[in-house]
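Read off the chains here:
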Amino acid sequence: MIKIDNKKKVFVLDGKNYSYIIYVNEAGTLQFVYYGKKVDGDDYLTSVYAKTLAPEPNGFNIDNAFNGMPSEYAFFGKGDYRAPSTLFVREDGFRASRFVYKSHEVVDGAPDFGSLPHARRGGKTLCIVLKDELSDMEISLNYTVFDDSDVIVRNAILRNCGKNKVRLNKAFSFCLELPDAQYDIMRLQGRWAQERMPEVTPIGKGTVRVDSSQGGSSHAMNPFAAILRKTCTETSGECIGVNLIYSGSFAITAEASCFGALRLQGGINDLNFEWILDGGEKFVTPQAALCYSAEGLGGMSREFADFFRNYIINPDRAFMRRPIVINNWEATYFDFNREKLFSIIDAAAPLGIDTFVLDDGWFGKRDDDKSGLGDWFVNEKKLEGGLKGVAEHCAEKGMKFGLWFEPEMVNEDSDLYRAHPDFAIGKRGVTPSRQRNQLILDFSRKDVVDYIYDAVSKVLKSCNISYVKWDMNRFMTEFYSEKLPYERQGELAHRYILGVYDLAHRLTSAFPNVFFEGCAGGGGRFDGGMLYYFSQIWTSDDTDAFERTKIQWGTSMCYPVSAMSCHVSACPNHQTQRITPLATRGIIASLGATGYELDLTKLDDCEKEEIKRQIASYKNIDELVLRGDLYRLSSPFNSNYFCEMLVSKDKSQAYVAGERIHGVPCDLNYIIKLKGLDPNKRYTVKELGITASGKTLENAGLLLPRLPDFGAWTWNITECK
Ligand code: DGJ
């Protein structure tokens, strides 16, 4: 709900459990007042908070910004020496600005974002227009509020209302000014095969920067950060999470001022960013989803999970039973032929697996990773009978067929590159920095996107394909487009991502029955922007059942478990060489969109029975994966047990899955207190053969099983009727 005191210019935004309050101060600038647990009554409309929080200028004139000024969108060059939210240069070179309130309106839903990912529906949006007193620039600050969510969505739209061009050097999506900086900050950092490891550090004085300048959101840092009160835990205390709905280079900064206030802001990374705004043009920044939680990190995660499922992921897919996939990558890598693929399909069908996904290596001259990318036509020499033959074989076995693409890339050894070397990002004459022997196509160019759209569409029309895995295996270097003029080269990285979104938009619209999965060398682009188009994402190339407990734990901080594609793979594991029981691999993969990625023809009967059993049990709990609430019970980072729990919204069903990392002789008793149940309902824990009330299970808990190294267990919990 949005309440406005038009006279005092106080704006009160109420979500499910929070209030966000801003007002226009005496100097005409838009100022932060309050963000936190819902405030009762109309107190704030009497400006109680505005009065108590009004800054003390300490000799500065409030007409100007100064170091303590809690700006809703910080401007540059008027005495506020902290990082601004925007920085732009007018044609005469002058770059100071002073934004004051101009107007506001409340609209249903959100402003038009085109193919830039955004909250799809519902909500009310407050749009406040600020006008620069020193130039012809205007900024609209948008705040979308949902009655059923603790997520508030923000973005900024910058408009050049004059005739002369303006160069944007920075255009963040949001700025949040908090009165104190007594927080720690959590980021999800990592690397290939070890994505999204939570790390919490104090903010201290100065700036903590969580960012990627790689042209993609990256393995190294997720476009998410949370600030945590020192008392914040998994289950209680206050935190504020920020999740950028964006897949390109980003930055989130937390800056503690010398006066002790905290400026948290973020958006497109300003490093290597420039954008020319001609007269009359606007620049739309990506949305940022902010979540205030008074119920610790767990509360924040559940709100983000609901937000993604309800507002970002394609509504036709968000709650759809996911295909149970067998993917041939770890089974064959590039070394396959028709017979090999058919034998995997034959082995998969009786186990309950419903979709076969043919991974890398089916097209062009692609027998290793040195050639072929860009040549999206089937290699009939390798795959006799082509894709049609594989699709038909799947259909005969009652299965669906999926296909891997890497649409954004090209190998120099490809027909595409030989014909169009200028299609690649980089400067001719400068040796390109190759990663995985490949270059990036210049998706800032419409003709390149059109070309790939046609090529991929042709394949998707050629036979019955119901699933696409969209991979992306390198990040940007030599940021240069042959087609952009000198002064627009700084636009390349953002234009590239807009091109990716455009292609994703066109393909997902043209093929509405195809299920799209995202991937980037594992989870190198696991973000809200991708989730808008791809309902699940390959979480990591590390499929080891212990490493995955950590990766999935971290990913669940701000994404729903249904967004995580999780496969059971072979042992010794290809990434870690670790051996874990097949049952454990199945249990850990059941905490997401489960699937398989191993050579099924090499399994013995016992193993096949185990997989059959896993799939049957998964079908009993997949509704919890799709719709349930996640409770992280025991962390693999600081204990010998990993344990998570999914609870249905009506609290009638729950699923606990855990892994004991090491067997320990004469170990202590570890008791886990369940969470999220209805204290007054009685439940059966199937595997333990007991019944108990929610109160007992939550307060007294259950004894964790003593299992050998990497042993895993599940508890299926149902309400006694
Ligand atoms: C990286 C992906 O993460 C893998 O799953 C696989 O698709 C390979 N690329 C294929 O090249």
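Before reading on, note that the structure itself is shown above.
Bear in mind that the values here come from a model prediction, so they are computed numbers and not experimental data.

Quick look at the sheet that holds strand S4 (residues 30-37)
Read from one edge to the other, the open sheet built from four strands follows the order S1-S2-S3-S4, with strand pairing classed as antiparallel. Only two strands of the sheet have a single neighbouring strand rather than two, namely strand S1 (2-5) and S4. The sheet shows a mean angle of 15° between the axes of neighbouring strands, direction not considered.

Topic: the site of the ligand
As a matter of local geometry, the ligand sits amid 13 residues, with Asp359, Asp360, Lys469, Asp471 and Asp541 nearest to it. In the environment of the ligand, an oxygen atom lies 2.8 Å from a nitrogen or oxygen atom belonging to the side chain of Arg436. The contact in question runs from an oxygen atom of the ligand to an N or O atom on the side chain of Trp538, over 3.4 Å. When isolated, the ligand has an accessible area of 290 Å², and the protein chains bury 98% of it. Its residues placed into classes, the shell around the ligand shows four nonpolar, three polar and six charged.

Description of the side chain of Ser217
As for its position among the elements, Ser217 is in the loop between strand S13 (206-212) and strand S14 (221-229). For Ser217, a relative accessible area of 1% gives the class buried. Within the structure, Ser217 has its side chain in polar contact with the side chain of Asp527 (distance 2.6 Å). Aside from chain neighbours lying at most four places away, what touches Ser217 is Ser212, Pro223, Tyr246, Ser247, Gly248, Phe250, Gly524, Arg525, Phe526 and Asp527.

Comments concerning the packing of aromatic side chains
The full count for this structure, using the stated rule, is 38 aromatic pairs. Relative to Phe32, the ring of Tyr20 lies with its centre 5.9 Å away and its plane at 85°, an arrangement referred to as edge-to-face. Within this pair, whereas Tyr20 is found in strand S3 (residues 18-24), its partner Phe32 is found in strand S4, the two being separated by 12 residues in sequence. Judged by centre distance (4.4 Å) and plane angle (45°), the rings of Phe363 and Trp376 are tilted. Of the two residues, Phe363 is situated in the loop between strand S22 (355-358) and helix H5 (386-396) and Trp376 in the loop between S22 and H5; the sequence distance between them amounts to 13 residues. Counting every residue linked through ring pairs, the aromatic cluster contains Tyr18, Tyr20, Phe32, Tyr35, Tyr143 and Tyr292.

A word on helix H12 (residues 605-627)
A rise of 1.5 Å per residue sets the reference length of H12, with its 23 residues, at 33 Å; its end C-alpha atoms lie 34 Å apart and thus fit the reference within 8%. The sharpest bend along H12 reaches about 50° and sits at Asn620. Within H12, the full set of buried residues consists of Glu610, Ile611, Gln614, Ile615, Tyr618, Ile621, Asp622, Leu624, Val625 and Leu626. Where H12 begins, the side chain of Asp604 points an oxygen toward the backbone nitrogen of Cys606, at a separation of 3.1 Å.

Some remarks on the packing of helix H11 (residues 582-589) against H12
Helix packing for two helices is described by the angle between their axes and how far apart those axes are. As a packed pair, H11 and H12 sit with axes 10 Å apart at the nearest point and diverge in direction by 20°. On the basis of the axis angle, H11 is roughly parallel to H12. Judged by the twist between their axes, the crossing of H11 over H12 is right-handed. Across the interface between the two elements, Leu582, Ala583 and Gly586 of H11 pack against Glu607, Glu610, Ile611 and Gln614 of H12. Residue composition of the contact of H11 with H12, grouped by class: three nonpolar, two polar and two charged.

What about the nonpolar core?
In this structure, Phe356, Trp362 and Phe401 are the most contacted members of the largest nonpolar core, which totals 192 residues. Top contributing element to this core by residue count: helix H8 (residues 492-510), with nine residues. Setting aside chain neighbours within four positions, we find Phe401 in contact with Thr355, Phe356, Leu358, Leu387, Val390, Ala391, Cys394, Cys463, Asn464, Ile465, Ser466 and Tyr467.

Details of the sheet that holds strand S35 (residues 682-685)
With respect to topology, six strands assemble into an open sheet ordered S31-S32-S33-S38-S35-S36, the strand pairing being antiparallel. Edge positions in the sheet fall to strand S31 (629-634) and strand S36 (690-693), since each has one partner strand and no second. Looking at each pair of strands side by side, their axes are set apart by 20° on average, direction ignored. In this structure, S35 lies alongside S36, joined through four bridges in antiparallel fashion. Opposite Val685, over in S36, you have Ile690 as the bridge partner. Set on the sheet, H12 makes contact with S31, strand S32 (641-647), strand S33 (653-660) and strand S38 (711-719); between it and S33 the angle comes to about 90°.

Topic: the side chain of His393
Position of His393 relative to the elements: it lies in helix H5. A polar atom in the side chain of His393 sits 2.7 Å from the side chain of Asp346. The contacts of His393, once residues within four sequence positions are left out, are Phe342, Ile345 and Asp346.

What counts and how
- Residues numbered from 1 in each chain as written.
- Predicted model: local features only at pLDDT ≥ 70, side-chain atom pairs only at ≥ 80, totals over all residues.
- Heavy atoms only, no water.
- Pairing = 2+ DSSP bridges.
- Helix = DSSP H or I, 4+ residues; strand = E, 2+ residues; numbered from the N terminus.
- Axes fitted to C-alpha atoms, helices over the stretch in contact; angles between N-to-C directions.
- Near = heavy atom within 4 Å.
- Polar contact = N/O pair within 3.5 Å; in protein donor to acceptor, adjacent residues only side chain to side chain.
- Areas by Shrake-Rupley, 256 points an atom, 1.4 Å probe, with all protein chains shown as cover.
- Nonpolar A, V, L, I, M, F, W, Y, C, P; charged D, E, K, R; others polar.
- Buried < 20%, exposed > 50% of the residue type's maximum accessible area, 1.4 Å probe, protein only.
- Contact = heavy atoms within 4.5 Å.
- Phe/Tyr/Trp six-rings, centres within 6.5 Å; stacked < 30°, edge-to-face > 60°.
- Expected span 1.5 Å × (residues − 1).
- Bend = angle between axes of the 7 residues up to and from the residue.
- Parallel < 35°, antiparallel > 145°, perpendicular 65-115°, else oblique.
- Left-handed = near helix turned anticlockwise from the far one by under 90°.
- Core = buried A, V, L, I, M, F, W, Y, C linked by side-chain atoms within 4.5 Å.

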